[in-house]
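Okay, here's what each chain looks like letter by letter:
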Amino acid sequence: MAVTVCVSACNGNENKLSRYEIYASYDESAGTVTGSVKLDFYNDTDNELSDLKFNLYGNAFREGAKFKPVSDTYKTRAYYAGESYGKMEISGVENCAGWNVGGEDENTLTVNLLTPIYPEETVTVTINYTLTLAKVNHRTGITARTVNLGNFYPILCAYTSEGFLECPYYYCGDPFVSECANYSVTIDLPPEYIAASSGKLVSESETDGRKKCTYTLENARDFAFVLSKDFKVVSDDADGVSVNYYYINDENPQTGLGAATESIKYFSQTFGKYSYPTLSVVQTGFCYGGMEYPALTMIADGLDSDNTVYTIVHENAHQWWYAMVGSNQTTDAWQDEGLTEYSTLAFFETHAAYGFTRKGIINSATNYYRAFFNVFSQLNGTADTRMHRDLSEYTSELEYNNVTYNKGLLLFDTLRNAAGDDKFFGILKKYFESNRGKIAGYESLIAGFEGVAGAENIFDSFLEGKILI
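Residues numbered from 1 in each chain as written. Predicted model: local features only at pLDDT ≥ 70, side-chain atom pairs only at ≥ 80, totals over all residues. Heavy atoms only, no water.

**Looking at the sheet that holds strand β18 (residues 232-238)**
The condition is simple: We treat two strands as partners when DSSP finds at least two bridges between them. A helix here means a DSSP run of H or I that spans at least four residues, while a strand means a run of E at least two residues long, and both kinds are numbered starting from the N terminus. Helix axes are fitted only over the stretch in contact, all axes being lines through C-alpha atoms; the angle between N-to-C directions runs from 0 to 180 degrees. The contact criterion used throughout is that any non-hydrogen atoms of two residues lie within 4.5 Å.
One open sheet holds the five strands; their spatial order is β18-β19-β20-β22-β21, and the pairing between them is mixed. Edge positions in the open sheet fall to β18 and β21 (290-293), since each of these has one partner strand only. Neighbouring strand axes in the sheet, compared pairwise and without regard to direction, differ in orientation by 15° on average. Examined bridge by bridge, β21 and strand β22 (residues 296-300) share four bridges and lie antiparallel to one another. For Met291, the partnering residue across the bridge sits in β22 and is Met298. Helix α3 (residues 305-317) contacts β19 (241-247), β20 (278-284), β21 and β22 of the sheet and is inclined by roughly 155° relative to β22.

**Structural notes on the pattern of salt bridges**
When the charged atoms of two side chains with opposite charge come close together, those side chains can pair. We count it as follows: What makes a salt bridge here is a side-chain nitrogen of Lys or Arg within 4 Å of a carboxyl oxygen of Asp or Glu, nothing more. Buried means the residue's accessible area, taken with a 1.4 Å probe over protein chains only, is under 20% of the maximum for its type, while exposed means over 50%, and partly exposed covers the values in between.
Across all of its chains, the model carries 22 salt bridges by this definition. In this structure, Lys229 engages Glu28 in a salt bridge whose closest nitrogen and oxygen atoms are separated by 2.7 Å. Taken together, the positions of Lys229 in the loop between β17 (225-228) and β18 and Glu28 in the loop between β1 (18-27) and β2 (32-42) put the pair 201 residues apart, joining distant regions of the chain. A residue is classified by how much of its surface remains accessible, and Lys229, at 39% relative accessible area, is partly exposed.

**Details of the pairing of β19**
Condition: The handedness of a crossover follows from its direction of travel: if, with the strands pointing away from the viewer, the path from the first strand over the helix to the second runs clockwise, the crossover is right-handed.
Taking burial as the measure, the seven residues of β19 include six buried ones, the bulk of the element. Across seven bridges, the pairing between β18 and β19 is antiparallel. Bridge assignment links Lys232 to a residue of β19, and that residue is Tyr247. Between β18 and β19, which pair antiparallel one after the other, the connecting turn spans two residues, and Asp239 there sits at a positive phi close to 50°. Relative to β20, β19 runs parallel, the two being bridged by five bridges. Across the sheet, Val243 pairs through a bridge with Leu279, a residue of β20. Note that the unit made of β19, helix α2 (residues 253-270) and β20 has a crossover that is left-handed.

**Observations regarding the environment of Gly58**
Mapped onto the secondary structure, Gly58 falls in the loop between β3 (49-55) and α1 (75-78). By relative accessible area, Gly58 is classed as buried at 2%. Separated by 111 residues in sequence, Gly58 and Tyr169 place their C-alpha atoms 9.3 Å apart. The residues touching Gly58, leaving out its near neighbours within four places in the chain, are Gly86, Lys87, Met88, Leu131 and Asn151.

**Brief notes about the pairing of β22**
For β22, a buried count of five out of five residues is recorded, marking the element as mostly surrounded by other parts of the structure. The sheet contact formed by β20 and β22 spans five bridges and is parallel. In the strand pairing of β22, Val281 is matched with Thr297. Linking two consecutive strands that pair antiparallel, namely β21 and β22, is a turn of two residues; a positive phi of about 65° is found at Ala295 within it.

**Describing the packing of α2 against α3**
The condition that has to hold: Roughly parallel covers angles under 35 degrees, roughly antiparallel covers those over 145, roughly perpendicular covers 65 to 115, and oblique covers all other angles. Here is the rule for handedness: rotate from the far helix to the near one, and if that takes an anticlockwise turn smaller than a right angle the crossing is left-handed, while a clockwise turn gives right-handed.
The geometry of α2 relative to α3 is characterised by a closest axis approach of 9 Å and an angle of 30° between their N-to-C directions. With respect to α3, the axis of α2 lies roughly parallel. α2 and α3 meet at a crossing whose hand is right-handed. Residues Thr255, Gly256, Ala259, Ala260, Ser263, Ile264 and Phe267 of α2 form the contact with α3, whose participating residues are Val309, Ile312, Val313, Asn316 and Ala317.

**Points about unusual backbone geometry**
Phi is positive for Asn219, which is not a glycine, with a value near 55°. Relative to the elements of secondary structure, Asn219 occurs in strand β16 (residues 210-220). If you check the backbone angles, Asp239 has positive phi at about 50° while not being a glycine. Among the secondary structure elements, Asp239 is positioned in the loop between β18 and β19. Its relative accessible area of 47% is what places Asp239 among the partly exposed residues.

**So, the side chain of Thr366**
Rules: Polar contact is the term for a pair of N or O atoms within 3.5 Å; when the atoms are in protein, one must be able to donate a hydrogen and the other to accept it, and sequence-neighboring residues count only if both atoms are side-chain atoms.
As for its placement among the helices and strands, Thr366 is situated in helix α5 (residues 358-380). Using a relative accessible area of 13% as the deciding quantity, one classes Thr366 as buried. Within the local environment of Thr366, its side chain forms a polar contact with the backbone oxygen of Ile362, the two atoms lying 2.8 Å apart. Excluding residues that lie within four positions of it along the chain, Thr366 makes contacts with Leu410 and Ile469.

**Structural notes on the side chain of Thr311**
Within the element layout of this structure, Thr311 appears in helix α3. A distance of 2.7 Å separates a polar atom in the side chain of Thr311 from the backbone oxygen of Asn307. Apart from the residues within four sequence positions on either side, Thr311 is in contact with Gly289, Gly290, Ile299 and Leu303.

**Quick notes on the nonpolar core**
For clarity, the cut-off: The criterion is simple. A nonpolar core is a set of buried Ala, Val, Leu, Ile, Met, Phe, Trp, Tyr and Cys residues joined through side-chain atoms within 4.5 Å.
Core analysis: the largest hydrophobic core is formed by 157 residues, its most contacted members being Phe152 and Tyr183. Counting residues per element, this core draws most heavily on helix α6 (residues 397-419), at eight residues. The contact partners of Phe152, leaving out residues within four places of it in the chain, are Ile22, Ala24, Met88, Tyr129, Leu131, Val185, Phe223, Ala224 and Phe225.

**Here's the deal with the state of the cysteines**
To keep it simple, the criterion reads: The disulfide criterion used throughout: a pair of cysteine sulfur atoms within 2.5 Å.
Applying the stated criterion across every chain yields a total of zero disulfides. Cysteine Cys96 shares no disulfide, and the gap to the nearest cysteine sulfur, in Cys157, comes to 16 Å. No disulfide involves Cys157; its nearest neighbouring cysteine sulfur is the one of Cys167, lying 6.4 Å away. Take Cys157: its relative accessible area is 1%, and that puts it in the buried class.

This is the structure in structure tokens:
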């Protein structure tokens, strides 16, 4: 069921954001992160709130979880040392009347406030927690040579027309919906580790055999780290953005760095200026191709050179279609994945030296889509090709990828053909400018194409699974 997501712009307080102050200490021998999250929550809703709810994504990796964080298809690739478990435990919450962990899969922390908070008021709560990391090539976990700290802290659920949006951790897609906030994050770690971060480094110190690094990031949906003793780093500037490529086994890191800097420049010119002062592109253990976080992208270390370049560009496009302009990835994953994949196509279309062409990318998406759903229909008698559906409705990563990535790309190519290049890219630029810092409903994207002949029918036929490809 679709819900309406309200953000600060809903009531005119565009400049008011909540603020996270996070302290996280990594214990290498225990494989844990122990920390605290101080949240200054600004009530930008129109409602009086008695509770706050937080997604506990780290709890998805615990033994006995209702929803597996890794499918059977990817289990061997993910659990490189055999099946492993982690968990996120809350040890206490300060400045509250009470708290409990619940939700559909122990995935939500509910904090009962001492007194209700009214619109445009602020309340501060502090959450103390311990994250135990599984040995797994995933967003959150210890890999063979890195430590992936995506979703490593309790994060406030986005507020919708139906209340706080709790996000169970389905293995298909990215089960994350969060609102923008300002961050100050300190990580305490052994001094031999290098930290790739979402934020800008503002201080670093070393005492008693430990290193403490503090970072800041503003107007961001979340915050992530990747840690390693083995990182090498190459850097460049992209129109004032400090781009850093952290790699372990890339024989030609300048190629990856070049793709990162050139794509940041291209997307800034095409859609709107990149918001953050830095970008970390990080090679790490990961069972999929890559993963996006604001100002940080994870790139799987097992990719060949061409796929490394393609993934870097794709994940960088997510800085526009996820980090800066959010969406509800749990119900309409096509909105960011399809648009990101098409933005990737647009980059390579104008950067021929990388060897990818518009025709080649379109043909590949079409062939994969047709092949999968032909087999799917033969096995099941029918195929569900709807794009507007919940993550829980996908039966496999293959189905998800074909509906959100491949069909999503074909949707936007069809819209481009209907609108013409100038109008198509102009619409996307306006969509970006209007929704930067917000969680955009898919209706706002559709509304941008109003006036383009046939656009309404194109969206309807693709999203509702009526079109034959």
